[in-house]
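# Structure at a glance
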Amino acid sequence: MHTIEHWIDGKAVPGSAAGRIPVHDPATAGVVAEAIDGTSEDVDQAVAAARAAAPGWAEVSLSRRASHFFRLKQLLDEHADDLAELISTEHGKTREDALGEVARGTDIVEFACGIANLLKGEISEQVSTGVDSWSVRQPLGVVAGITPFNFPVMVPMWMAPLAIACGNTFVLKPSEKDPSPSLLLAELFDRAGFPPGVFNVVHGGPTVVNALLDHPDIEAISFVGSTPIARHVYERGTAAGKRVQALGGAKNHAVVLPDADLEQTTSALTGAVYGSAGQRCMAISAVVAVGDVGDDLVARLRTQAEQIRVGPATDPESEMGPVISDATIERIDAAITDATERGATLALDGRAAPIASGDGWFVGPTILDHVTPEMDAYTTEIFGPLLVVLRAASLDEALEVIAANPYGNGAALFTSSGAAARGFQRRVQAGMVGINVPIPVPLAFYSFGGWKSSLFGDTHIHGPEAIHFYTRGKVITTRWLDDNVATASFSFPTTR
Ligand code: NAD
């Protein structure tokens, strides 16, 4: 059985752990590898390597740092297929979807190539007579990232490239469910010329996470995962004096107005709900049908969803793969039971869907109609191919539904009315908003983040806000005296 090791100080190492975590192929439910179940000693070793590398890396010139990222981008392009294969094997998403994930991760590396421009400070000449001030942003030291299973390449790349470009060194704790891609990423960082200790990986579960949160030599934590763990990471990390950005779970709503183009809306929603088997943080999981659009919309959604070919990523015809584990199927099952007992309609039952091949954790596209906000199917983050459809009399009522929901990651509106769109984008309680765009994930040069229980902390991830998160500011004030005469002043200096 293949063992997935840590990556510390430029090489794969077994660490001190005796324990192993089985890694499954969700399409077969079989074990395909084992990851080291890391210990706090392994974390100490990785942080020590990162700490030793930090001063030297921070001294590397900006243009030289950028040249490493140009090389990394090239290597990521060359190895996109290898990364996608590892993703598909351990996550289950289709090859095309996995390639899309690699491309979106690579976009961040491309953004990091512009670090010299991104780190520019400001200067003010003559803030007082003979006095100039300017600002710089300096690296923090060692920073860590803790990532979820659903994007084993893209989410680590939301963090590591910009943290490192800013002059920090990095320790990644990837999801134990699909850890292999992180090791290939580590090798590519190494081959791109980043010095040993700049990018490190420690595998494991809560023990490793908590050791990172408590570690006195880690300055900042970026986390992406479910809301309960995000809250834990934020509270424990900040209690230990770190800056923390912790992105949590989601319930992303799409509001459909009666004036929407239903054909386009149905296609857009079908991809956004069922792509990656609904296991995207920005997947649409709740549709709010306004006015009388509901029956027609649900009928169209059902027809399209029934045609989705469900099967393993090894089958190039597959459009939707398995879910990550049995637990997701159990959540869907429980949500269907609760909702139908409380009056919802099961418009499409994915438990009965035909599966092209494979005997793993498959469940087909599912639709629950006439769902109300108190049902478990709505209050729980299902994170699978289950769509709930709610009905609302007006756009105002739909906005109230979204506002009352504890999550606030993404929200979309489907309409042909500019006035409705403008009202929605101004009033909706979510961090990322789409107008006739179902998955409004910001590109690398914007920052990504939700509101409410979808993000704990002040700073969104990647894009310009990452530069702020991974650096601290310094303002320097200088005065060069042209004579040696100085008199002591005991009053507070003013600019006048
Ligand atoms: P998860 O919260 O179970 O795990 C995330 C990370 O936390 C993993 O590295 C895991 O090892 C660690 N972890 C799990 N339990 C822990 C515990 N008790 N103590 C300490 N650490 C622990 O999430 P997941 O199932 O891997 O990923 C799916 C979740 O991530 C969904 O809720 C999804 O919405 C969310 N997500 C959010 C975003 C976003 O941008 N907001 C993006 C991707 C995924």
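Presented here is a report on the structure given in the accompanying data block. (Residues numbered from 1 in each chain as written. Predicted model: local features only at pLDDT ≥ 70, side-chain atom pairs only at ≥ 80, totals over all residues. Heavy atoms only, no water.)

Right, let's get into the overall build of the protein chain. Helix and strand counts for the protein chain stand at 16 helices and 23 strands. Principal-axis analysis of the C-alpha atoms gives the protein chain an extent of 85 × 60 × 40 Å. When burial is assessed residue by residue, the protein chain has 55% of its 496 residues classed as buried. Counted over contacts in the protein chain with a minimum sequence separation of 6, partners at least 24 positions apart contribute 72%. Counting every atom, the protein chain has about 20,500 Å² of accessible surface; 51% of that belongs to carbon and sulfur. The positive charge centre, built from 36 side chains, and the negative charge centre, built from 59, are 7 Å apart in the protein chain. (Helix = DSSP H or I, 4+ residues; strand = E, 2+ residues; numbered from the N terminus. Buried < 20%, exposed > 50% of the residue type's maximum accessible area, 1.4 Å probe, protein only. Contact = heavy atoms within 4.5 Å. Areas by Shrake-Rupley, 256 points an atom, 1.4 Å probe, with all protein chains shown as cover. Lys, Arg positive; Asp, Glu negative; His and termini not counted. Charge placed at Lys NZ, Arg CZ, Asp CG, Glu CD.)

With that out of the way, let us pick up the site of the ligand. Around the ligand, a shell composed of 26 residues is seen, among which Lys173, Glu176, Ser226, Gly248 and Glu381 lie nearest. Between an oxygen atom of the ligand and a side-chain N or O atom of Glu176, the distance comes to 2.7 Å. In isolation the ligand exposes 840 Å². Once the protein is present, 87% of that is buried. When atom positions are compared with the pocket grids, the ligand is found to occupy the largest pocket. Sorting the residues of the shell around the ligand by element identifies helix 8 (206–214) and strand 11 (220–224) as the ones contributing at least two each. Residue composition of the shell around the ligand, by class: 15 nonpolar, eight polar and three charged. (Near = heavy atom within 4 Å. Polar contact = N/O pair within 3.5 Å; in protein donor to acceptor, adjacent residues only side chain to side chain. 1 Å grid on protein atoms, 1.4 Å probe; cavity = no way out; pocket = protein on both sides within 12 Å on 5 of 7 lines; lining within 4 Å. Sits in = over half its atoms within 2 Å of the grid points. Nonpolar A, V, L, I, M, F, W, Y, C, P; charged D, E, K, R; others polar.)

Before going further, it helps to examine the layout of surface pockets. The volume enclosed by the largest pocket comes to roughly 720 Å³. As for the largest pocket, its lining consists of 33 residues, of which Pro148, Phe149, Lys177, Gly225 and Ser226 are closest to the centre. Mapped onto the lining of the largest pocket, the elements with two or more residues apiece are helix 8, strand 11, helix 9 (227–239) and helix 12 (326–341). A per-element tally of the lining of the largest pocket places helix 9 first, with four residues. Per-class residue counts for the lining of the largest pocket are 14 nonpolar, 14 polar and five charged. The computed volume of the second largest pocket comes to approximately 290 Å³. Around the second largest pocket, the lining comprises 12 residues; the ones closest to its centre are Ser128, Val131, Arg479, Pro493 and Thr494. Of all the elements in the fold, those that place two or more residues in the lining of the second largest pocket are strand 6 (123–128) and strand 23 (471–479). Of the residues in the lining of the second largest pocket, the class split is four nonpolar, seven polar and one charged. (Points joined across faces, edges and corners; volume = space filled by probe spheres on them.)

This brings us to helix 14 (residues 395–404). Residues lying three or four places apart along an α-helix face the same way, a consequence of the helix completing one turn every 3.6 residues. For helix 14, every residue scored as buried is listed here: Leu395, Ala398, Leu399, Val401 and Ile402. The arc that holds the buried residues of helix 14, viewed along the axis, is 155°, so those residues lie on one side. In helix 14, the exposed positions angled more than 90 degrees off the buried face are occupied by Glu400 and Ala404. (Arc of directions from axis to C-beta.)

Applying the stated criterion across every chain yields a total of four cavities of 30 Å³ or more. Estimates place the volume of the largest cavity at around 120 Å³. Forming the walls of the largest cavity are 16 residues, and the residues nearest its centre are Ala250, Gly278, Ser285, Glu381 and Phe383. Sorting the residues of the lining of the largest cavity by element identifies strand 14 (284–290) and strand 17 (386–392) as the ones contributing at least two each. For the lining of the largest cavity, the per-class residue count stands at nine nonpolar, four polar and three charged.

Grouped together as the largest cluster of nonpolar side chains are 68 residues, with contacts concentrated most on Leu72, Trp158 and Ile164. Looking at this core, the element that brings in the most residues is helix 6 (residues 154–165), giving 10 residues. Tyr274, Ala286, Val401 and Phe414 belong to the second largest nonpolar core, which has 48 residues in total. (Core = buried A, V, L, I, M, F, W, Y, C linked by side-chain atoms within 4.5 Å.)

With that settled, the discussion passes to the sheet that holds strand 4 (residues 20–25). With respect to topology, three strands assemble into an open sheet ordered 1-5-4, the strand pairing being mixed. Each edge of the open sheet carries a strand with a single partner, namely strand 1 (3–4) and strand 4. Taken together, the six bridges between strand 4 and strand 5 (residues 30–36) define a ladder with antiparallel strand orientation. Pairing of Ile21 across the sheet is with Ala35, part of strand 5. Against the sheet, helix 3 (residues 80–91) makes contact with strand 1, strand 4 and strand 5, and its axis sits at roughly 95° relative to strand 4, the strand it touches most. (Pairing = 2+ DSSP bridges. Axes fitted to C-alpha atoms, helices over the stretch in contact; angles between N-to-C directions.)

Together, Leu443, Phe445 and Tyr446 make up a nonpolar patch on the protein surface, roughly 340 Å² of accessible area in all. For Leu443, the location among the structural elements is in the loop between strand 20 (432–435) and strand 21 (451–452). A relative accessible area of 38% places Leu443 in the partly exposed class. (Patch = residues over 30% accessible without salt bridge, like charges linked within 9 Å, V, L, I, M, F, W, Y side chains within 5 Å. Salt bridge = Lys/Arg side-chain N within 4 Å of Asp/Glu carboxyl O.)

Below, the discussion takes up the packing of aromatic side chains. All chains considered together, the criterion is met by 10 aromatic pairs. Arranged with centres 5.5 Å apart and planes meeting at 55°, the rings of Trp57 and Phe194 form a pair that is tilted. Of this pair, Trp57 sits in helix 1 (residues 40–59) while Phe194 is found in the loop between helix 7 (180–191) and strand 10 (199–201), placing the two residues 137 residues apart along the sequence. Grouping residues by exposure puts Trp57 and Phe194 together as buried. Taking 5.2 Å as the distance between ring centres and 75° as the angle between the ring planes, the aromatic pair formed by Phe469 and Tyr470 counts as edge-to-face. Summarising the burial analysis for this pair, Phe469 and Tyr470 share the class buried. Here the aromatic cluster, defined as three or more aromatic residues joined through ring pairs, consists of Trp57, Phe69, Phe170, Phe189, Phe194 and Phe199. (Phe/Tyr/Trp six-rings, centres within 6.5 Å; stacked < 30°, edge-to-face > 60°.)

Residue position: Glu341 is located in helix 12. Using a relative accessible area of 67% as the deciding quantity, one classes Glu341 as exposed. In this structure the C-alpha to C-alpha distance between Glu341 and Leu390, which are 49 residues apart in sequence, comes to 16 Å.

Let us look at the state of the cysteines. Structurally, a disulfide amounts to a covalent bond that connects the sulfur atoms of two cysteines. Summed over all chains, the structure comprises zero disulfides. Looking at the unpaired Cys113, the closest cysteine sulfur is the one in Cys166, lying at 13 Å. (Disulfide = S-S within 2.5 Å.)

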